Amino acid sequence: MRFPEGFLFGTATSALQVEGGNVNNDWWEWEHRPGSPVAEVVGDACDHYHRYPEDIALMAELGLNAYRFTIEWARVEPAPGQISYAALAHYRRMLQTCHDHGITPMVSLHHFTLPRWVAEAGGWTSPTTAVRFQAYARLIAIELGDLFSHVFTIVEANMVADNAYLYGIFPPGHVGDAESHQRAQLVLARAHQTARAAIKAERPELLVGSSLSMLAPVIAAGGEDAAHRHLHATLGPYLQVAAEDDFLGVQCYSTQHYGPDGPTESPLGVERTQMWWEFAPEAAADMCRVLATVVPHLPLMISENGIATYDDTRRVEFVQRALAAVSAATQDGVDIRGYLHWSFLDNYEWNLGFRCTFGLVGYDPRTFERTVKPSARAYSEIVRAATSS
Ligand code: BGC
């Protein structure tokens, strides 16, 4: 497999899903509510907050050269305007540890969790949240921006709005609340744009973007118009917001089939993962090929792609086929700058708890001892072959 010069190979995590002890964000409050729809509480997660030195060392040992993680707003600003310099020092150490191991750190400023006080003041439906978020982004750029290259302001704004206000699986748990959904979309867009401006004003050299959750279209005969209309309606507004960015994060795990009347189910009998998503290793590369025709000027970064399975042999095949497809797309001229596998660890899968295992690396929930899976070795072999030539 061949990849462009400087291609980034890494993994991604989010604070809530791996750190442990994230007691001050809205998810912690939500999962502890009586009658919460969450399968289990996150608790210590993978204890990455304390074990990041060995985790980052392990990434380097595997030959990876990039790592995206969240700088958790709820830790850095636990109360309005009150900055935790200890939390900032923690994330500075994490960033420095990446550099010590030759790993390019990328940061996310919002990956599904808000400080409780922000959520209590209206969360993403309140325009004030965009103002607060911009101040947070400025603070991170000033305090830590000397140590990272890429900033993802908001991870999957489309999922944040949908899961919180349409499907009820993220706090505040509204179902079918179209009005709040629309308001959240506007506030998220504003938050991204003003945060980007603040970051650029402080540190023009930083690359700023966001990421979107996407499903690669598989179009049956006669389904072209319906697929086009659906993609335009669901992704179009978000792509417009991303148009001025330095890159777009592509978070794609599977496919969406289309027939003449619109989206259809995957065919009966297809292989499915623990998430019940169709096993589709080529989906991320296929999605990038589509995006290259829609937003041709935007460099792409596959910022999440992976598979939830207990059977690691399926992940081995997934990683090999996914990267072969990415390599082929880059050879065909699609501007993909990197690939971040989701995820480094068997982390906490939000409302589904720990039962969906996405990790290249497993761990013991009591000792937190890490176990490198064969899929991590398979990924490592591809990276070594690609980076040694
Ligand atoms: C999210 C991750 C999540 C993954 C698998 C992405 O939408 O960014 O936090 O674990 O999908 O569901």
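All chains use their own residue numbering, which begins from 1 and follows the written sequence. The predicted nature of this model means local features are confined to residues of pLDDT at least 70 and side-chain atom pairs, given and counted, to a pLDDT of 80 or more, with totals for whole chains, interfaces and linings taken over all residues. Side-chain metrics rest on all non-hydrogen atoms present in the structure, leaving aside hydrogens and water.

Q: Account for the overall build of the protein, with residues named and values stated.
A: Comment: elements are numbered from the N terminus, with helices defined as DSSP H or I runs of at least four residues and strands as E runs of at least two. Along its length, the protein carries 13 helices and eleven strands. Buried residues in the protein amount to 59% of all 389 residues. Contacts spanning at least 24 positions in sequence make up 78% of the contacts within the protein whose residues lie at least 6 apart. Per-residue and other accessible areas were derived by the Shrake-Rupley procedure at a 1.4 Å probe size, with only the shown protein chains allowed to occlude residues. By element, 53% of the accessible surface of the protein is carried by carbon and sulfur atoms, the whole surface being about 15400 Å². In this count, Lys and Arg are taken as positive residues and Asp and Glu as negative ones, while His and the chain termini are left out. Charge positions come from single atoms, namely NZ of Lys, CZ of Arg, CG of Asp or CD of Glu. The positive charge centre, built from 28 side chains, and the negative charge centre, built from 45, are 3 Å apart in the protein. Three labels apply to residues, based on accessible area from a 1.4 Å probe with only protein chains included: buried if under 20% of the type maximum, exposed if over 50%, partly exposed otherwise in between. It only takes one pair of heavy atoms within 4.5 Å for two residues to be counted as in contact.

Q: How would you explain the environment of Ile307 if you had to name every residue and give the values?
A: Tracing the backbone shows Ile307 in the loop between strand E8 (300–304) and helix H12 (312–331). With 50 residues separating them along the chain, Ile307 and Thr357 place their C-alpha atoms 8.0 Å apart. Contacts of Ile307, omitting those with residues within four sequence positions, involve Thr273, Phe279, Arg314, Arg315, Phe318, Trp342, Thr357 and Phe358.

Q: Before we move on, could you go through the packing of aromatic side chains and cite the residues and values that matter?
A: Two aromatic rings, drawn from Phe, Tyr or Trp (for Trp, its six-membered ring), form a pair once their centres lie within 6.5 Å of each other, and the interplanar angle then sorts them: stacked below 30 degrees, edge-to-face above 60, tilted otherwise. In total, this model carries 22 aromatic pairs according to the counting rule given. In this structure, Arg68 is placed above the aromatic ring of Phe152, and the distance from its NZ or CZ to the ring centre is 5.0 Å. To sit over a ring, a charge needs its Lys NZ or Arg CZ within 6 Å of the ring centre and within 35 degrees of the ring normal.

Q: Which residues make up the layout of surface pockets, and what are the values?
A: Estimates place the volume of the largest pocket at around 1300 Å³. In this analysis a 1.4 Å probe is tested at points of a 1 Å grid over the protein atoms alone, and where it fits but cannot get out there is a cavity; an open set with protein on both sides within 12 Å along at least five of seven lines is a pocket; lining residues have an atom within 4 Å of a point. Together, 43 residues line the largest pocket, and Met159, Tyr167, Ser213, Leu215 and Trp277 are the ones closest to its centre. Mapped onto the lining of the largest pocket, the elements with two or more residues apiece are helix H8 (157–165), strand E5 (207–219), helix H10 (224–242) and strand E6 (247–259). Of all the elements, E6 adds the most residues to the lining of the largest pocket, at seven residues. Basically, the charged four are Asp, Glu, Lys and Arg, the nonpolar ten are Ala, Val, Leu, Ile, Met, Phe, Trp, Tyr, Cys and Pro, and anything else, Gly included, counts as polar. Partitioned by chemical class, the residues of the lining of the largest pocket number 20 nonpolar, 16 polar and seven charged. Grid points are joined across faces, edges and corners, and a volume is the space filled by probe spheres set on the points.

Q: Outline unusual backbone geometry, listing residues and values.
A: Leaving glycine aside, a negative phi is the common case for residues, and trans is the common case for peptide bonds. With omega at 10°, the peptide bond leading from Pro171 into Pro172 counts as cis. Within the secondary structure, Pro172 sits in the loop between H8 and helix H9 (178–202). For the peptide bond that leads from Trp342 to Ser343, omega is 5°, which places it in the cis range. Assignment of secondary structure puts Ser343 in the loop between strand E9 (336–341) and strand E10 (361–363). Of note, Trp350 is a non-glycine position whose phi angle comes to about 45°, a positive value.

Q: If you had to explain empty space enclosed by the protein to someone new, which residues and values would you point to?
A: Throughout the structure, instances matching the rule amount to one cavity of 30 Å³ or more. If you trace the largest cavity, you find it lined by Thr13, Ser14, Ala15, Val18, Glu19, His48, Tyr67, Phe69, Thr70, Tyr91 and Met94. Sort the elements by how many residues they give to the lining of the largest cavity and strand E2 (residues 66–70) lands first, with three residues. For the lining of the largest cavity, a count of residues per class yields six nonpolar, four polar and one charged.

Q: Which residues make up the side chain of Gln251, and what values go with them?
A: In this structure, Gln251 sits in strand E6. Classification of Gln251 by relative accessible area gives buried; the value is 0%. Among the polar contacts listed, one links the side chain of Gln251 to the side chain of Glu304, at a separation of 2.9 Å. Once residues lying within four places of it in the same chain are set aside, the contact partners of Gln251 are Arg68, Val155, Glu156, Ser211, Leu212, Ser213, Met214, Ser303 and Glu304. Polar contact is the term for a pair of N or O atoms within 3.5 Å; when the atoms are in protein, one must be able to donate a hydrogen and the other to accept it, and sequence-neighboring residues count only if both atoms are side-chain atoms.

Q: Any chance you could break down the pattern of salt bridges for me, citing the residues and the numbers?
A: Note on pairing: side chains with opposite charge can pair once their charged atoms come close. Salt bridges are defined by distance alone: a side-chain nitrogen of Lys or Arg within 4 Å of a carboxyl oxygen of Asp or Glu. All told, the structure shown has 19 salt bridges when counted by the stated rule. Of the charged contacts in the structure, one is a salt bridge between Arg138 and Glu202, with a shortest N-O distance of 3.9 Å. Taken together, the positions of Arg138 in helix H7 (residues 127–144) and Glu202 in helix H9 put the pair 64 residues apart, joining distant regions of the chain. If you follow the salt bridges from partner to partner, you end up with Glu271, Glu282, Arg314, Glu317 and Arg321 in one network.

Q: Describe the side chain of His111, with residues and values.
A: Relative to the assigned elements, His111 resides in the loop between strand E3 (104–110) and helix H6 (116–120). Among the polar contacts listed, one links the side chain of His111 to the side chain of Arg68, at a separation of 3.5 Å. The contact partners of His111, leaving out residues within four places of it in the chain, are Thr13, Ser14, Gln17, Arg68, Thr70, Val155, Glu304, Trp342 and Trp350.

Q: Account for the site of the ligand, naming residues and giving values.
A: Near the ligand lie 13 residues; those nearest to it are Gln17, Glu156, Glu304, Glu349 and Trp350. Within the contact set of the ligand, an oxygen atom lies 2.7 Å away from a side-chain nitrogen or oxygen of Gln17. Contact distances for the ligand include 2.6 Å between an oxygen atom and a side-chain N or O atom of Glu156. Coverage of the ligand by the protein amounts to 93% of the 310 Å² it exposes when considered alone. Judged by the proximity of its atoms to the pocket grid, the ligand belongs to the largest pocket. When its residues are assigned to classes, the shell around the ligand shows seven nonpolar, three polar and three charged. The criterion for a residue being near a molecule or strand is simple. One of its heavy atoms has to lie within 4 Å of it. To decide whether a molecule occupies a pocket or cavity, check its atoms: if more than half lie within 2 Å of the grid points, it is inside.

Q: Any details on helix H13 (residues 374–388)? Residues and values, ideally.
A: Think of an α-helix as turning once every 3.6 residues; residues three or four places apart then point the same way. By this rule the span expected of a helix is its residue count minus one, scaled by 1.5 Å. An ideal rise of 1.5 Å per residue puts 21 Å on 15 residues; H13 measures up with 21 Å between its terminal C-alpha atoms. Among the residues making up H13, those that are buried are Ser375, Ala376, Ala378, Tyr379, Ser380, Ile382, Val383 and Ala386.

Q: Lay out the pairing of E3 with the relevant residues and their values.
A: The buried count for E3 comes to six of seven residues, which makes it a mostly enclosed element. In this description, strands pair whenever DSSP reports at least two bridges between them. In this sheet, strand E4 (residues 150–155) lies alongside E3 in parallel orientation, the contact comprising four bridges. Along E4, the bridge assignment pairs Val107 with Val151.

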